[in-house]
Amino acid sequence: MAAGDPAAPGAAAALDALCRAYWYPVYAYVRRCGQSAIEAEDLTQSFFLHLLTSKALATATPHRGRFRVFLRACVDHFIVTCWRREHAVKRGGRVSILSWERDGSEPRYQADALSPLTPEALFDRTWADTLLNRVLNQLEAELVAEGKTSLFDRLKDRLIGDPDAASYAELADTLGTTEAALKMTVRRLRLRYRELLLREIAHTVSSREEADQELQHLLAVVSA
Amino acid sequence: MNGPFCKQCGRPLRANAPRGLCPACLLGAGLTALRQPSEPAAPPAPGPAPLRVGDYELLDEVGRGGMGVVYKARQLSLDRVVALKLVLGGRLAGRDQAQRFRAEAQAAANLQHPNIVAIHEVGEHAGQLFYAMDYIEGKNLASIISDSKFEISNHTRSVSWMKTVAEAVHYAHEQGILHRDLKPANIIIDQHDQPRVTDFGLAKRLVIPPRDGPGGVPSVTPPTSSAVPAKAGAPNRATTDSNPPDHANAPLSTLNSPLSTSLTLSGQVLGSPSYLSPEMAEGKRTAVGVGSDVYSLGAVLYHLLTGRPPFQGETLTALLRQVIETDPVAPRRLNPSIPRDLETLCLKCLEKEPRRRYATALDVADELGRFLADEPIRARPAGRIERLWRWCRRNPRLAGAMSAVVLSLMLGLVTTTWQMRRAQRSEMTALQRAYVSDMDLATRALAEGDIGRVRDLLDRYAAPTKPTAPTGHRPSTINHRPSTDLRGWEWQYLWMKSSGQGDLRLCTRRKQVSSLAFTADSRRLLVHERQGVTLVYDLSTRQPVPGLILTNRSWHLGFCPVSNRVACQVSPEPWQDGEVRLWDLESNTTAFRHTYQDDEFASFAFSPDGQRLAGFAYVRGVCVWDLTSEGAMTTIPAEPAAGNIWSGAVAFDPTGQTLAVGHRTNGLVRLHRVSDGRVDAEFRLPADPVMALAFSPDGRWLAASALATNAVVRVWPLPSGEPMELAGQSIAPLALAFDPQSQVFATGDGELIRLWDLQRRRPITTLVGHRLGVTALAFSPDGRQLASGSNATGAEDAEVRLWDVATVARPAQPDYQVLSNIGLVAFERDARSFLALADGAVTRFDLVTLEPIEPLRLYGTNNSSLSVSKDGRWLANAETNGMVHVWDQETHQECASFRPYPDTTPERGTMRILARGRLLLSRPNNVVQHPMNLWDTRTGQQPEPWHSLNTEARLGCITAEDSMDGRLLATGHFDGRVLLWDAESGDQLAAFDAHRECVMEVAFSPDGRWLASAGWDGALRLWDVHRREAAGQFGRTEAPAYGITFSPDGRRAASGGLTGPVSVGIWDVATREHLTGLVGPGCFFFAPRFSPDGRTLAVWKYTEDVTCFWRVNALEDIDRQK
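Residues numbered from 1 in each chain as written. Chains lettered and ligands numbered in written order. Predicted model: local features only at pLDDT ≥ 70, side-chain atom pairs only at ≥ 80, totals over all residues.

A. Summary view of the overall build of chain A. Summing up its helical and strand segments, chain A has 11 helices and zero strands in all. Counted from the first residue to the last, chain A has its helices and strands arranged as α-α-α-α-α-α-α-α-α-α-α. When each of the 224 residues of chain A is scored for burial, the buried share is 35%. The long-range fraction of contacts in chain A, counting pairs at least 24 apart against all pairs at least 6 apart in sequence, stands at 66%. (Helix = DSSP H or I, 4+ residues; strand = E, 2+ residues; numbered from the N terminus. Buried ≥ 20, exposed ≤ 12 C-beta atoms within 10 Å, placed from the backbone. Contact = placed C-beta atoms within 7 Å.)

The following block contains the structure:
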């Protein structure tokens, strides 16, 4: 795991990126623990500041296996101890508050708030959603970079299977290509999607076994 | 199924799914890729629920088991409805699962018995294993038992079901099949009240004799997860997509494999733990046999008779231990009305040793048959000595106990008595366990809004109100309270939560109250007992008006407030000739009669002007009488008669020009023009029959409900528009009512009443109070009152309640009160007040009103922290200038003062005065992770040995508490240790490795026997102070535990936790089990404390300096009230 290893090249940048990416699951977790939107926003922000400025990531070896598990444990710990200090010095008085993703968090949480999940389950589910969104966004970005602007939207359904084989011909017509070429494109897209998905998960675990476990866990979470 | 679904796996799609795609399929694709990196094209994504499986179209999910999901499905080729079972996890199912699934189908498909659910087809669709079986309309026993209407006192019905089940199970045994997962959920009671055994989820072959001939089971290839069962010759068949069925009567499948194939996982516990035999609980594979099913039969019977399974435990481990080691509580202790023979029979099935049970399921059926025929059963109850002997043998201290018994037989009375006492203690423990698990169940029932169940569970332990009648009318409450009262704070709390607020019980009736109506002046209420009598209550005296009483056989009444007349049906017997009568309340005479032959009227309705009367008859359909022209009658045909004769409804709209008719079939509601009967509009409910109809008084809404498994209440805006379905309703209401302003809409929901604001499309509140299902609702014309009537059972009367609408329609209030910025509270011994800080002054507060009574000037007005010793004698206050003063409250003299920290004050809320005023625990304000300092108040120094401990941060002290007499001190540390000290000498008495992470709080029990600790690791541990050893732990939560305390009587402990249901936990000290949980505002609940009278629990929220108070009524008051 590159992000937690300070000796690894680009560790700080990787960590920063990860934290930015997984801002929302932490926010949703803190919200579900009973905090108001404003409190949760501040608390989440303080948490990530604390995480980035302390050596928590490097020292917390027992949790290093899976970043998701570790991050949640850190949030639990932080909420109670470190928050006292943050309270005492009036949050934000010392450091300027960064602005990560926070603006869209509360509306998104309102949609998630409907499901009767424990804070832990909600954290894991939003984590899975975030992870998948990151992968799909990157896949789309790659297609756009190749000049295929709307192809992702047309083909995204086929990442997970073929609704019905017959429709390939129709779709090929509308896209101005042949059925065989379209099938090849879809196949490549699927392969690339899987590569990206596994790479994204590999960022948050330390071994292939853990990647497998993590995938299974997330699959169980979203299937529940 | 509603809403968008994944086209691939059929799961519902959330609105915020990643890019609108199914997350499970997206992740599934990744998992496949990870496991098969070389395979470029992934197989189809996982998913257990394709909308179509081969020849079957999935209609609805009807159940889930350990291995499969069961759907109601339509077999397209035969156009019939079946139950289709799919393996959970779909194609991800492992080889073992697939094998077990096949074995399950294979075993069950051989069984052809009227009381066993038949298997039609076993197959595989795109790698998805499935089988199709009979779809049975009915309810499973589990839901029947949990229904508040289930009468556990009706032994005959329960016994007769179990006799049939035992016979069916015996048949299966004869075919070589064990069920191994018999439980109430696997027994469906069909529409003819016949039990059908289903879900051979764990079925296993019993014998291995190869059989030949038609319908026999030839030996063929062993199954694998990918193999497709071969065809053979019998009504059952096995198919795949590539090998579809050709017609309905395809030849019999073999569904076969070598009969020796054993798919049971060695040592793995399968089955439903509450009904599991001890040999299965222990994983003794070889010991599992016919006796295991006999045991389960007994366990189900036990549940039917007592209303609870033989064993209940909070955790699986605890439950399994009970199954293996503990005798079940004798059924007659739980329900004294159970005949002794039935108890004996039941306990014989539940013997721990299989050979002591009935040898076959047929023996059980025969014995049950004897009971039904009033013949003596063959089994004999175990004598006391025998029970004692058996108990000793199962006791963990097996050898010791056995020799003790042998000795006792030889040595005589003394030892025997000792053993008997021990056995009695064990029985007491069993009762305590029963109490604990009932409170836990009540807590869950409360969360589910099942108030009737909560009251039932609580009533089992209520103080006896009247002696139990030996015969005849049986009290519904089963009081198995022993000589000691088991009740505690949790019982009072649950009682309070399940008691009504803002309501009043007007009366009770022996039969269901099916209709209620207020007179125009809102001063009288008509109460109609279904097929009984109609009375008129004067609401000022709450008594029936003398003389105004009419016996009639009506299911439901009609009432016209304008003319003060009641419409009812009078007949000697159902389905005989009778008459529809108008009863004039003014003159107490009959104003109108209409005779009819062989019919029944389900309901009546008057037009608002009182000029027309409509009645819904079973045979004739809807009759409408014009009361102005001597009762001229027209009829509107109803849908073909079906269903209950008391269903179907009629209602006039506020103009009186339109009549709504809710039919018994097709969920049909038609609006007819009254003048000519023409249909103006037609609505449909997704279920039938229609049970209730109501127009809002402003004519803008029409509401209807239908009797269905799922609650259906629809409200249509008039004259047209999209109907609204009321979300959150769990049971289809038998009664609906609008308030006169058309602002509040009331529905029954089981024993709850729900109030809705239709305009804003939101629920207003839920009214809790009825013990049985709500069957009638009416708003008073002045809009101030809501009357509600309930169902009755043979054992429990119906109730009529009156609700003050203004009071109850307010949003639900929390069950706690809060005070801010008062720091920790110190309860005073009189239990009427407590001390806390208010604006820097030590202030006395009223415990009931939570209002400040007086500031105590002696202690100044500039304080930041306060602590009072447990005995109330010593008080320490810290001023904002950092000075700490210690006072003797008896003499009001200051006995010490010092400044612990040169530049700051002790942190608010964590300061404690300990050891009879001699030690002070504190830490500096605004310092994170600083250890607690212990000060000698006389010297102002930190005494040894505690001072040294803090020099190493890892070992530092983080909390401390003293015993009631101040002689012992316990400290909790960062490294998870709890240390026990002599507070006087500083000698360390014991060290416990208590927690994985830091210790948040420690507490001594009032009698000094126990020490409890709460840790960051979520554990709540108990230590025996005298023996200096661990004494177990209170459950376990994953969330950190921040506080722990004992109740004044030492029988309960309260813990503080993170949030939600773990905000505050109430625990039983004797059994260490969870009793109930309190949900507080937000998170972080520290320092729970009981008031000396044990009625108030205060919990402090450190992060906000907010104190939450939960207060319950005294037991004596509750008992008096009852």
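Still more ground to cover, so stick around.
B. Quick look at the overall build of chain B. Assigned secondary structure in chain B consists of 18 helices and 67 strands. The burial tally for chain B puts 49% of its 1122 residues in the buried class. A sequence separation of at least 24 residues applies to 50% of the contacts in chain B between residues at least 6 apart.

C. Local environment of helix α9 (residues 340-349) of chain B. All names here are of chain B. Burial analysis of α9 places eight of its 10 residues in the buried class, which makes it a mostly covered element. Restricting attention to buried positions, one finds in α9 the residues L342, E343, T344, L345, C346, L347, K348 and C349. Packed against the buried residues of α9 are α4 (155-174), α6 (290-306), α8 (331-334) and α10 (361-372).

D. Structural view of unusual backbone geometry. All names here are of chain B. A cis geometry characterises the amide bond from L718 onward to P719, with omega recorded as 5°. Locating P719 in the fold gives a position in the loop between β32 (712-717) and β33 (724-725). At the junction of E944 and P945, the peptide bond is cis and its omega measures out at 5° in the coordinates. Looking at where P945 falls in the secondary structure, it is placed in the loop between β52 (933-936) and α17 (946-949). Backbone geometry places R19, a non-glycine residue, at a positive phi of 50°. Mapped onto the fold, R19 is located in the segment before α1 (23-35). For R1028, which is not glycine, the phi torsion reads 55° and is therefore positive. By the element assignment, R1028 lies in the loop between β59 (1020-1024) and β60 (1029-1033).

E. Inspection of the sheet that holds strand β22 (residues 601-606) of chain B at higher detail. Residue and element names in this part refer to chain B. Pairing within the open sheet is antiparallel, and its four strands lie in the order β22-β23-β24-β25. Taken across any chain shown, the strands that pair with only one partner, and hence form the sheet edges, are β22 and β25 (632-636). Across this sheet, the average inter-strand angle for adjacent strands is 20°, counted without regard to direction. Sheet analysis places β22 next to strand β23 (residues 612-617), joined by five bridges and oriented antiparallel. Pairing of F606 across the sheet is with L613, part of β23. (Pairing = 2+ DSSP bridges. Axes fitted to C-alpha atoms, helices over the stretch in contact; angles between N-to-C directions.)

F. Structural detail: the packing of α4 of chain B against α10 of chain B. Residues and elements named next belong to chain B. Running from amino to carboxyl end, α4 crosses α10 at an angle of 155°, the nearest separation of the two axes being 8 Å. Between α4 and α10, the angle falls in the class roughly antiparallel. Judged by the twist between their axes, the crossing of α4 over α10 is left-handed. Counted together, T156, V159, S160, M162, K163, A166, E167, V169, H170 and H173 of α4 and A361, L362, V364, A365, L368, G369, F371 and L372 of α10 form the full contact between these two elements. When its residues are assigned to classes, the contact of α4 with α10 shows 11 nonpolar, five polar and two charged. (Parallel < 35°, antiparallel > 145°, perpendicular 65-115°, else oblique. Left-handed = near helix turned anticlockwise from the far one by under 90°. Nonpolar A, V, L, I, M, F, W, Y, C, P; charged D, E, K, R; others polar.)

G. Representation of the nonpolar core in the model. One finds L516, V650 and L777 of chain B to be the most contacted residues of the largest nonpolar core, which totals 263 residues. Among the elements that make up this core, the one with the highest residue count is helix α7 (residues 119-145) of chain A (nine residues). Filtering out sequence-adjacent residues up to four positions away, L777 of chain B remains in contact with L516, A735, L736, A737, A746, G748, I753, L786 and S788 of chain B. (Core = buried A, V, L, I, M, F, W, Y, C linked by C-beta atoms within 7 Å.)

H. Broad picture of α4 of chain B. All names here are of chain B. Here α4 contains 20 residues, and its C-alpha end-to-end distance of 28 Å stays within 8% of the 28 Å for a straight helix at 1.5 Å per residue. The buried fraction of α4 is high, at 14 of 20 residues. A positive phi of about 90° marks G176, the residue just after α4. (Expected span 1.5 Å × (residues − 1).)

I. Structural detail: the environment of V81 of chain B. All names here are of chain B. Along the chain, V81 falls in strand β4 (residues 80-87). For V81, a count of 14 C-beta atoms within 10 Å translates into the label partly exposed. Once the C-alpha coordinates of V81 and M133 are considered, the two residues, 52 residues apart in sequence, prove to be 9.4 Å apart. If near-sequence neighbours (up to four positions away) are discounted, V81 is found in contact with K72, R74 and Y135.

J. A look at the pairing of strand β57 (residues 999-1004) of chain B. Residue and element names in this part refer to chain B. Taking burial as the measure, the six residues of β57 include six buried ones, the bulk of the element. Where β57 and strand β58 (residues 1010-1015) come together, five bridges link them in antiparallel fashion. Within β58, the residue paired with V1002 across the bridge is S1013.

K. Seen up close, the packing of α7 of chain A against helix α10 (residues 179-202) of chain A. Residues and elements named next belong to chain A. Packing of α7 against α10 brings their axes to within 9 Å, and their N-to-C directions diverge by 135°. Classified by the angle between their axes, α7 and α10 sit oblique to one another. The element α7 and its partner α10 pack so that their crossing is right-handed. Together, L131, R134, V135, Q138 and L139 of α7 and R192, Y193, L196, L197 and E200 of α10 make up the contact between the two elements. Residues of the contact of α7 with α10, tallied by class, amount to six nonpolar, one polar and three charged.

L. Representation of the confidence of the model for chain B in the model. With 79% of its residues at a pLDDT of at least 70, chain B reaches an overall mean of 79. Contacts for the low-pLDDT stretch residues 465-482 of chain B, under 50 throughout, to residues beyond four places or in other chains number 27 contacts. (pLDDT = per-residue confidence, 0-100.)

M. The pairing of strand β46 (residues 863-868) of chain B, seen in detail. All names here are of chain B. Counting buried residues in β46 gives six out of six residues, a clear majority hidden from the surface. Where β46 meets strand β47 (residues 874-879), five bridges bridge the pair, whose relative direction is antiparallel. Bridge assignment links S867 to a residue of β47, and that residue is A876. Here β46 hands over to β47 after five residues, with G872 in that stretch at a positive phi of 80°.

N. Molecular detail of the environment of K149 of chain B. All names here are of chain B. Mapped onto the elements, K149 comes out in the loop between α3 (141-146) and α4. Counting along the chain gives 303 residues from K149 to G452, while the straight-line C-alpha distance between them is 9.4 Å. When residues no more than four places from it in sequence are discounted, the contact partners of K149 are G773, N791 and T793.

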